[in-house]
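Survey of secondary and tertiary structure
Here is how the chains run, residue by residue.
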Amino acid sequence: MSKADIATLVKLQEAETQIVRLKDVLHEVEKKKIKLASRLKQFAAALKENTEELERLEKNCIDSENEIKIVDARIIKSNETLRNVTTNKEYQVLLREVDDNKKRKDALETELLQIMEEREKSQAIVDDSRKEYQQLEEQIKAEQNQIEEQTTKDRKLLEEYLKSQKEIGVSLDPKLLDRFKRISKMNQGSAVANVQDQVCLGCFMNIPPQLYIEVQRGNQLILCPQCSRILYYDKS
């Protein structure tokens, strides 16, 4: 293996490092987008629940108001009938009926006031929830737009590095390229490591002095005894 091959492997590793980094960045971005969408979804579910509760109370109000009207109509009708009764027995029956309906009306009106109070509180909760949801939606939309803008740049950059990686790999011997790929996969995208002061900067373990000398010469493929990365020496 020539020094040119080592230089090519170093360039290939530079591209590989950026590819791994960008893939990780894009993966984290997708996780963040899912988290933001989930947060908005949860808030929407809470708003829906609050809105449904308000609708239930509004329906109860209408039902109570309608029932009060029905009872009130019965009272009016009974009072009108009272004027035309001829016997005391009929009069007492109607009088009791009027009294029962009045009690029922009072109970319904008390119940209606309670429902209306609950509806008022529920309306305030819904109004606040809608306002908060709108603010959150705008905030998340702005964050997602920002993320998408950065993601577009990162995807474009990733494509460029993938293209560069392919172009660099063409100049290498297929067996050497295959070996690079296997080592890269084994070390999470790191197949080539610099050596300084007899230390592999891939795993930060010492290598034997004689091996260090061979790496400095750069005339053959040398692997780190600890992490199996391809070693090279850079004077700078």
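Worth saying up front: this structure is predicted, and the values here are computed from it rather than measured.

Moving on to the pairing of strand 1 (residues 192-196). Where burial is concerned, most of strand 1 is hidden: four out of the five residues are buried. In this structure, strand 1 lies alongside strand 3 (residues 230-232), joined through three bridges in parallel fashion. If you follow valine 192 over to strand 3, its bridge partner there is isoleucine 230. Between the end of strand 1 and the start of strand 2 (residues 199-200), which pair antiparallel, lie two residues, with aspartate 197 showing a positive phi angle near 50°.

The three strands are arranged 2-1-3 in an open sheet whose pairing can be described as mixed. Across the chains shown, the open sheet's two edge strands, defined by having one partner strand only, are strand 2 and strand 3.

On to the nonpolar core. The tendency in soluble globular proteins is for nonpolar side chains to be buried as a group. Core analysis: the biggest nonpolar cluster contains 14 residues, and Leu9, Leu12, Leu172, Phe180 and Val192 have the highest contact counts within it. Taken together, the elements giving at least two residues each to this core come down to helix 1 (3-82), helix 3 (174-186) and strand 3. The contact partners of valine 192, leaving out residues within four places of it in the chain, are Leu9, Val10, Gln13, Phe180, Ile230 and Tyr232. Counting residues in each nonpolar core, the second largest holds eleven residues, with Leu57, Val71, Ile75 and Leu108 among its members.

In this section: the packing of helix 1 against helix 3. Any two packed helices are characterised by the angle at which their axes cross and by the distance between the axes. Contact geometry of helix 1 with helix 3 gives a least axis separation of 12 Å together with a crossing angle of 40°. Our classification of the angle between helix 1 and helix 3 gives oblique. The element helix 1 and its partner helix 3 pack so that their crossing is right-handed. Note on element contacts: helix 3 touches helix 1 through Leu176, Leu177, Phe180 and Ser184, opposite Asp5, Leu9, Leu12, Gln13 and Glu16.

Leave glycine aside and you will find that most residues have negative phi; peptide bonds, for their part, are mostly trans. Positive phi, normally seen in glycine, also occurs at aspartate 197, with a value near 50°. Note that aspartate 197 resides in the loop between strand 1 and strand 2. If you check the backbone angles, glutamine 198 has positive phi at about 65° while not being a glycine. You can see glutamine 198 is positioned in the loop between strand 1 and strand 2.

Turning our eyes to something else, we now look at the packing of helix 1 against helix 2 (residues 88-170). Put simply, helix 1 and helix 2 touch, their axes get as near as 5 Å, and they point 165° apart. Taken together, the axes of helix 1 and helix 2 lie roughly antiparallel to each other. As for the relative orientation of helix 1 and helix 2, their crossing is left-handed in sense. Residue composition of the contact of helix 1 with helix 2, by class: 39 nonpolar, 18 polar and 29 charged.

Calculation notes
Residues numbered from 1 in each chain as written. Predicted model: local features only at pLDDT ≥ 70, side-chain atom pairs only at ≥ 80, totals over all residues. Heavy atoms only, no water. Buried < 20%, exposed > 50% of the residue type's maximum accessible area, 1.4 Å probe, protein only. Helix = DSSP H or I, 4+ residues; strand = E, 2+ residues; numbered from the N terminus. Pairing = 2+ DSSP bridges. Core = buried A, V, L, I, M, F, W, Y, C linked by side-chain atoms within 4.5 Å. Contact = heavy atoms within 4.5 Å. Axes fitted to C-alpha atoms, helices over the stretch in contact; angles between N-to-C directions. Parallel < 35°, antiparallel > 145°, perpendicular 65-115°, else oblique. Left-handed = near helix turned anticlockwise from the far one by under 90°. Nonpolar A, V, L, I, M, F, W, Y, C, P; charged D, E, K, R; others polar.

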